[in-house]
Amino acid sequence: MNNHIYDAIVIGTGISGGWAAKELTEKGLKTLVLDRGRMVEHGDYPTAMKAPWELPYADEPTQEDIRRHPVHTRPSFYGIKQSTKHWFVDDLDNPYEETRPFDWFRGYQVGGRSLMWGRQSYRFSPMDFEANGKDGVGVDWPIRYDDLAPWYDYVEEFIGVSGDTDHLAQLPDGQYLPPMELNAVEKDFREKLASKLGRRLIIGRTANLSAPLKHDKSPQRAPCQYRNLCMRGCPYGAYFSSNSSTLPSAQRTGNMTMVANAIVHELIYDNAKGKATGVRVLNAETGQQTDYFARIIFVCASTFGTAHLLLNSTSSRFPNGFGNDSGEVGHNIMDHVFGSGAGALVDGHEDRYYTGRRPNGFYIPRYRNIGSDKRDYLRGFGYQGGASRQDWTRLVDQPLLGDELKRAAEAPGPWRIGMTGFGEMLPSHSNHVTLDRNRKDKYGLPLLNFDAAHGENEVRMEKDIMNDAAEMLSAAGYRNVTPYKTKANVGAGIHEMGTARMGRDPKTSVLNGWNQMHACKNVFVTDGSCMASSACQNPSLTYMALTARAANHAVEELKRGNV
Amino acid sequence: MNRREWLKCMSALALSAAGAPLLAVFDAHAAAQKPAIGPRFFSPPQADVVAAVVDIIIPRTDTPGALDAGVPRFIAQMFRDVYSKAEQARYLGALAAFERAGGTPFLQLDAAQRKALVTRLHGEALASGRHIDHNSAAAFVLMSKKLAMLGYFMSEPGCTQVLQYVAVPGGYQADVPLSKAGNGRAWAVETVLRL
């Protein structure tokens, strides 16, 4: 059994788990890092260098791909392509239940969804950490922006975030590599938004290296080559993923033991010690059961992976799920209001173009319910978008055939611009997951059942998201302004949050202000499940900062003998 | 395809009639009545018609054409493995209508007659817009145009000789004169084209 004892165990290797692994190993802890999926070393990206013509079926999914991925081929998702389908779970082998429909898009491999994430990296603002308390919604965050600001600095500097300094109270600036540039039409839109509506448009802040990192701790990472094929995995290591960044750092310490195909299905609780002592693991390939033990445990299994694990870990102390004295485990699911926006055609600028493929777009920071603006809903939304020249598909319904068609395709088309909103979703106890112990997956584990929907606040906000987008494009003088709404359920934003929220009161929250379980001090949960509110910014950067901060605290507490 | 490109395509589809699925009506019962489709998908006569039509849509000029780029094979693969039973049935039904459209079997027409027929039906399809009869000869021409363009502009000749493609740009310039953007032609990019 000796070889199954560690200082720390990290469950999951995605955005959060990778950071926990790096921080804990760098602080000298012998750390076991577990992932339920297969091993993916940096560079194991089979489609990364394939040209369009080297991908079968014009990169479209086959009928067999669609049959295996009934969830992942819903209209709200885009990942089941020949170039990226290997990063997403087989839905038939990984079922879940939907009392109300939920889009659960997952990647089970070492690196998790850090391989395929959108890389947009925004800080939450002071306003975001104060909002729940002010509005009387959910529970107040137990921390404030100033608690997290140094950890945002720390994380941004390590991963490399390209962005501009924009001096916006609702979107604090960070430690940035040079910003990428806006193209001709995006600049035009920026000027018109400012002059006609007084709104800001900025270049997206993205975890792609627009210049070399300012440190020498990640020699495997090179600047962006502007291929915009990030989601396939980047052989240059030019965007942040666990595989390209945090896991290699953890590996170099010599303190990490990585085990792939390791499904953690139970946290082991010791009544006498009043602590978690380890984890129960099922090997995904052999079915072999192994117990591993450690002094502290970091749960970074993703929002619903963590909810599943906690709910499945019952004992005499925790009959309703691990750390679930509050009854809030599995509750308060949040995502972002997603799938709506508008597009338009832009006349002119036909002598302007771009070279290279920018893995980034523009961002319109939140402006609703800020300052004197007051709407009939709480909180707000931001937009992500971009302008580009239309490709050859514009010629399908043009009266062109033969040589004329080929000639027309040689020229870039007119400019078009589009943007999609990402809106804040309020926490609600009624949005929750439960375990259905009557139905098991192929590993014999109970299925998660989702029961969540947007509330009145989100419905009202979504109307504004569409209307405002159309209004802004119209105000800029663009034509054929077309609002759109993609069929999308909660979850489609893939910004899963809640299910083990932070808070001050153990009666109403699962974690304290250090991401530490109120009811079991040697367990830390630092993935999206810890979030008390969702803001409208892409949340991954916040998970990273919270994880680094929690790991630092955990090691200090270990040294003090408090855990 | 990543989220940024996908969102761009979604908003583009909302803007464009080209994005309207031509095969929107799903008739599972009718599809189930169709005879089994072999691994080659098209019968040899059907394959000859498809090849002749895509050759008219994207001929060899000073650059390679659809046949040079292997488009007929691409189309057969797409129907065999990618498109649904309903889409398969729809295309074959429209192909049968196309075979009857000229009075004489298409392959017995001379080159000028073939081109005239395809051009006329293409015009009819565009005039019908979203109200097109999905089983019509005109629908066959428009679907074949989409397939030919998708296969061709994703092929190496299409990407590199008509469009321009750089595997590893190595840098990004957001706003340059068109004439300074590589050779000044349209960049080959990821895209979505529904049948």
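Residues numbered from 1 in each chain as written. Chains lettered and ligands numbered in written order. Predicted model: local features only at pLDDT ≥ 70, side-chain atom pairs only at ≥ 80, totals over all residues.

S.K.: So what about the overall build of chain B? Which residues, and what values?
M.R.: Each helix and strand counted, chain B has eight helices and one strand in total. Residues counted as buried form 46% of the 195 residues belonging to chain B. Taking contacts inside chain B between residues at least 6 apart in sequence as the whole, the part at least 24 apart equals 66%. (Helix = DSSP H or I, 4+ residues; strand = E, 2+ residues; numbered from the N terminus. Buried ≥ 20, exposed ≤ 12 C-beta atoms within 10 Å, placed from the backbone. Contact = placed C-beta atoms within 7 Å.)

S.K.: Go over the overall build of chain A, please, and point to the residues and values.
M.R.: The secondary structure content of chain A amounts to ten helices and 20 strands. For 563 residues, the compact-globule estimate of 2.2 N^0.38 gives 24 Å, and the C-alpha radius of gyration of chain A, at 23 Å, lies within 12% of that figure. Its C-alpha atoms give chain A principal-axis dimensions of about 80 × 55 × 50 Å. Within chain A, counting contacts between residues at least 6 apart in sequence, those at least 24 apart form 72% of the total. (Rg over C-alpha atoms; globule rule 2.2 N^0.38 Å.)

S.K.: Give a detailed account of the pairing of strand β12 (residues 352-355) of chain A, specifying residues and quantitative values.
M.R.: Taking every second residue as pointing to the same face, both faces of β12(A) are buried, with Arg352(A) and Tyr354(A) on one and Tyr353(A) and Thr355(A) on the other. For β12(A) and strand β1 (residues 173-177) of chain B, the ladder comprises three bridges, and the chain directions are antiparallel. Within β1(B), the position partnered with Thr355(A) by the bridge is Gln173(B). (Pairing = 2+ DSSP bridges.)

S.K.: Please provide a residue-by-residue account of the sheet that holds strand β3 (residues 97-98) of chain A, values included.
M.R.: Residues and elements named next belong to chain A. Taken together, the three strands give an open sheet; going across it, the order is β3-β17-β16, and neighbouring strands pair in mixed fashion. Looking at which strands have only one partner, the edges of the open sheet turn out to be β3 and β16 (432-440). Of the pairings in the sheet, the one linking β16 to strand β17 (residues 446-451) comprises six bridges and is antiparallel in character. Bridge pairing in β17 places Thr 434 opposite Asn 449. In the packing of helix α7 (residues 303-312) onto the sheet, contacts are made with β16 and β17, and the angle to β16 comes to roughly 60 degrees. (Axes fitted to C-alpha atoms, helices over the stretch in contact; angles between N-to-C directions.)

S.K.: Provide a residue-level description of the confidence of the model for chain B, including the pertinent values.
M.R.: Averaged over chain B, the pLDDT score is 87; the fraction of residues at 70 or greater is 85%. Of the regions scoring below 50 in pLDDT, residues 17-38 of chain B engages in 33 contacts with residues more than four places distant in sequence or in other chains. (pLDDT = per-residue confidence, 0-100.)

S.K.: Which residues make up the interface of chain B and chain A, and what values go with them?
M.R.: Counting residues at the interface gives 62 residues for chain B and 61 residues for chain A. Of the residues assigned to the side of chain B that touches chain A, the class counts are 37 nonpolar, 16 polar and nine charged. (Nonpolar A, V, L, I, M, F, W, Y, C, P; charged D, E, K, R; others polar.)

S.K.: Describe the packing of helix α6 (residues 111-128) of chain B against helix α7 (residues 137-153) of chain B, naming the residues involved and giving the relevant values.
M.R.: All names here are of chain B. Axis separation between α6 and α7 bottoms out at 8 Å; the angle between their running directions is 95 degrees. In this view, α6 runs roughly perpendicular relative to α7, as classed from their interaxial angle. Counting all contacts with α6, which are made through Val 118, Leu 121, His 122, Glu 124, Ala 125 and Ser 128, the residues of α7 involved are Ala 137, Ala 138, Ala 139, Val 141, Leu 142 and Lys 145. Classifying every residue of the contact of α6 with α7 by side-chain character gives eight nonpolar, two polar and two charged. (Parallel < 35°, antiparallel > 145°, perpendicular 65-115°, else oblique.)

S.K.: So what's going on with unusual backbone geometry? Residues and values would help.
M.R.: Residues and elements named next belong to chain A. A positive phi angle, near 60 degrees, is found at Tyr 57, a position not held by glycine. Looking at where Tyr 57 falls in the secondary structure, it is placed in the loop between β2 (31-34) and α2 (63-68). Unlike most non-glycine residues, Arg 119 shows phi in positive territory, near 70 degrees. One can find Arg 119 in the loop between β3 and α3 (126-135).

S.K.: Outline the sheet that holds strand β6 (residues 202-203) of chain A, supporting the account with residue identities and numerical values.
M.R.: Residue and element names in this part refer to chain A. On the basis of which strands lie adjacent, the open sheet formed by six strands has the order β6-β13-β14-β15-β11-β18 and antiparallel pairing. The open sheet is flanked by β6 and β18 (479-485), the only strands paired with a single partner. Together, β11 (337-346), β13 (362-364), β14 (381-389) and β15 (415-423) form the strand contacts of helix α5 (residues 184-197), whose direction differs from that of β14 by roughly 140 degrees. Seen against the sheet, helix α9 (residues 456-475) touches β11, β14, β15 and β18 and runs at an angle of roughly 15 degrees to β11.

S.K.: Residue-level account of helix α3 (residues 44-57) of chain B, with values.
M.R.: Three or four residues apart is the spacing at which side chains of an α-helix point the same way, because the helix has 3.6 residues per turn. Across its 14 residues, α3(B) extends 20 Å between first and last C-alpha, which sits within 8% of the 20 Å expected from 1.5 Å per residue. Within α3(B), burial applies to Val49(B), Val50(B), Val53(B), Val54(B), Asp55(B), Ile56(B) and Ile57(B). Those residues of α3(B) hidden inside the fold are in contact with α8 (402-410) of chain A together with α4 (71-82), α5 (85-101), α6 and α7 of chain B. (Expected span 1.5 Å × (residues − 1).)

S.K.: Mind laying out the packing of helix α1 (residues 15-26) of chain A against helix α6 (residues 242-252) of chain A, listing which residues take part and the relevant values?
M.R.: All names here are of chain A. Where α1 contacts α6, the two axes come as close as 7 Å, and the packing angle between them is 25 degrees. Comparing the axis directions of α1 and α6 gives the class roughly parallel. Helix-helix and strand crossings are classified by hand; for α1 and α6 the assignment is left-handed. Together, Ile 15, Gly 17, Gly 18, Trp 19, Ala 21, Lys 22, Thr 25 and Glu 26 of α1 and Ser 242, Thr 246, Leu 247, Ser 249 and Ala 250 of α6 make up the contact between the two elements. Of the residues belonging to the contact of α1 with α6, the class tally is five nonpolar, six polar and two charged. (Left-handed = near helix turned anticlockwise from the far one by under 90°.)

S.K.: Please set out the nonpolar core residue by residue, giving values where relevant.
M.R.: If you look at the biggest cluster of nonpolar residues, it comprises 154 residues, and the most contacted ones within it are Ile9(A), Val10(A), Ile11(A), Ile297(A) and Val299(A). When residues in this core are grouped by element, the largest group, ten residues, is from helix α10 (residues 540-560) of chain A. Not counting chain neighbours up to four residues away, the residues in contact with Ile11(A) comprise Gly17(A), Leu34(A), Val264(A), Val279(A), Phe298(A), Val299(A), Cys300(A) and Ala301(A). Within the second largest apolar cluster, 60 residues are counted, among which are Phe42(B), Ile58(B), Tyr83(B) and Phe106(B). (Core = buried A, V, L, I, M, F, W, Y, C linked by C-beta atoms within 7 Å.)

S.K.: How would you explain the environment of Tyr96(A) if you had to name every residue and give the values?
M.R.: Residues and elements named next belong to chain A. Within the fold, Tyr 96 resides in the loop between α2 and β3. Taking the C-beta count within 10 Å as the criterion, Tyr 96 has 19 such neighbours and is therefore assigned partly exposed. When the C-alpha positions of Tyr 96 and Thr 508 are compared, they lie 27 Å apart, and in sequence the two are 412 residues distant. The residues touching Tyr 96, leaving out its near neighbours within four places in the chain, are Trp 104, Leu 447, Leu 448 and Phe 450.

S.K.: Break down α5(A) for me, with residues and values.
M.R.: Here α5(A) is 14 residues long and its end C-alpha atoms lie 20 Å apart, about the 20 Å a rise of 1.5 Å per residue gives. At the exit of α5(A) stands Gly198(A), carrying a positive phi of roughly 65 degrees.

S.K.: Can you tell me about the environment of Ala47(B), naming the residues and giving the values?
M.R.: Residue and element names in this part refer to chain B. Its place among the elements puts Ala 47 in helix α3. Sequence separation between Ala 47 and Arg 73 is 26 residues, and the spatial gap between their C-alpha atoms is 9.0 Å. Those residues within four positions of Ala 47 in sequence are excluded, and the remaining contacts are Phe 42, Pro 72 and Ala 76.

S.K.: Can you tell me about the environment of Ile333(A), naming the residues and giving the values?
M.R.: Residues and elements named next belong to chain A. The topology assignment puts Ile 333 in the loop between α7 and β11. The exposure class of Ile 333 is buried, given the 30 C-beta atoms found within 10 Å. Residues Ile 333 and Ser 533, 200 residues apart in the sequence, show an inter-C-alpha distance of 9.6 Å. What Ile 333 contacts, discounting residues up to four positions off in sequence, is Asn 431, His 432, Val 433, Ala 452, Gly 498 and Thr 499.

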